[in-house]
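Okay, here's what each chain looks like letter by letter:
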Amino acid sequence: MNLKNHFIIAMPGLNDPLFSRSVVYICEHNRDGAMGIIINKPITDLTIQTVLSRLDITPYKACAELEQPVFIGGPLAEEQGFILHSPQKGFSSSIEISNDLMITTSLDVLKSIGSPEQPRELFLSLGYASWGNMQLEQEIAQNDWLVADVKTDIIFEHPIDNRWHLAAQSIGVNIDTISTQMGKA
């Protein structure tokens, strides 16, 4: 099972404070484990504009992206920025995850905000989530997560508060009707 370029959706019974009701975009999954970015946990009062100001980056021009929130990507490397963006060549360390998404830790994407070189879509998080070898598979088997194909509009276009429900709905699940108890047949 390779979950790269999939969502994992927290089941209602997952009580971890960070991962409760979360949707995680899996950026990498291989025999060593998995790496992902939580896409629905904004950091209170932190916008892209605030981050640019702290990094002494002046946007090319004012634009709506400056008001976008910055997200808690996960509990690891919380001081490191991770940018998901629509495909666009020319950035120094962007890695293609799929035909629809790239990831970078490079400042050149942030420096492009407001310019013609800016990616059409972008999402900024601080930190990431990680699982060791077979750990994510075990958590899925324990009924901690649902798995869904990625729908990029959930990352870039839909209100943050709706993303958990929408990701579950994308696989035909009404997450509000799922029991928090796990049974055995």
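Before going into details, it helps to say that this report is about the structure given with it. Keep in mind that what you see is a predicted model, and the values were worked out from it rather than measured.

Quick look at the overall build of the protein chain
Stage number 1. Tallying secondary structure elements over the protein chain gives 5 helices and 10 strands in all.
Stage number 2. The C-alpha atoms of the protein chain give 17 Å as radius of gyration, which agrees with the globular expectation for 185 residues (16 Å, within 12%).
Stage number 3. In terms of principal-axis extent, the alpha carbons of the protein chain reach across some 60 × 30 × 25 Å.
Stage number 4. Per-residue burial over the protein chain gives 49% buried out of 185 residues.
Stage number 5. The contacts in the protein chain between residues at least 6 apart in sequence include a share of 66% that link residues at least 24 apart.
Stage number 6. Split by element, the accessible area of the protein chain, about 9600 Å² in all, is 48% carbon and sulfur.
Stage number 7. Charge centroids of the protein chain, computed over 12 positive and 22 negative side chains, lie 2 Å from each other.

Side note on the environment of Ile 178
Stage number 1. Within the element layout of this structure, Ile 178 appears in the segment after helix H5 (163–169).
Stage number 2. For Ile 178, the residues in contact, after removing those within four places along its chain, are Met 11, Pro 12, Leu 146 and Val 173.

Side note on the side chain of Asn 40
Stage number 1. Its place among the elements puts Asn 40 in the loop between strand E3 (33–38) and strand E4 (42–47).
Stage number 2. Relative accessible area serves as the criterion here: at 9%, Asn 40 is assigned to the buried category.
Stage number 3. Here Arg 21 takes part through its backbone oxygen, which lies 2.8 Å from a polar atom of the side chain of Asn 40.
Stage number 4. At 2.9 Å, the side chain of Asn 40 and the backbone nitrogen of Val 23 are in polar contact.
Stage number 5. In contact with Asn 40, not counting residues within four places along its chain, are Arg 21, Ser 22, Val 23, Phe 71, Ile 160, Arg 163 and Trp 164.

A short note on the nonpolar core
Stage number 1. The biggest cluster of nonpolar side chains holds 42 residues, and the ones touching the most others in it are Phe 7, Ile 9, Tyr 25, Trp 131, Leu 136, Trp 145 and Ile 155.
Stage number 2. When residues in this core are grouped by element, the largest group, 5 residues, is from strand E2 (residues 23–30).
Stage number 3. Membership of the second largest hydrophobic core comes to 16 residues, among which are Cys 63, Leu 66, Leu 110 and Leu 124.

A few points about the pairing of E3
Stage number 1. The element E3 is largely enclosed, with a buried count of 6 among its 6 residues.
Stage number 2. With burial as the criterion, each face of E3 is covered, one bearing Gly 33, Met 35 and Ile 37 and the other bearing Ala 34, Gly 36 and Ile 38.
Stage number 3. Where E2 lies against E3, 6 bridges are found, and the strand directions are antiparallel. When the bridges of E3 are listed, Glu 28 appears paired with Met 35.
Stage number 4. Here E2 folds back onto E3 in antiparallel fashion, the turn holding 2 residues.
Stage number 5. With 4 bridges joining them, E3 and strand E9 (residues 122–132) adopt antiparallel strand pairing. Within E9, the residue paired with Met 35 across the bridge is Ser 130.

Cut-off values and rules
- Residues numbered from 1 in each chain as written.
- Predicted model: local features only at pLDDT ≥ 70, side-chain atom pairs only at ≥ 80, totals over all residues.
- Heavy atoms only, no water.
- Helix = DSSP H or I, 4+ residues; strand = E, 2+ residues; numbered from the N terminus.
- Rg over C-alpha atoms; globule rule 2.2 N^0.38 Å.
- Buried < 20%, exposed > 50% of the residue type's maximum accessible area, 1.4 Å probe, protein only.
- Contact = heavy atoms within 4.5 Å.
- Areas by Shrake-Rupley, 256 points an atom, 1.4 Å probe, with all protein chains shown as cover.
- Lys, Arg positive; Asp, Glu negative; His and termini not counted.
- Charge placed at Lys NZ, Arg CZ, Asp CG, Glu CD.
- Polar contact = N/O pair within 3.5 Å; in protein donor to acceptor, adjacent residues only side chain to side chain.
- Core = buried A, V, L, I, M, F, W, Y, C linked by side-chain atoms within 4.5 Å.
- Pairing = 2+ DSSP bridges.

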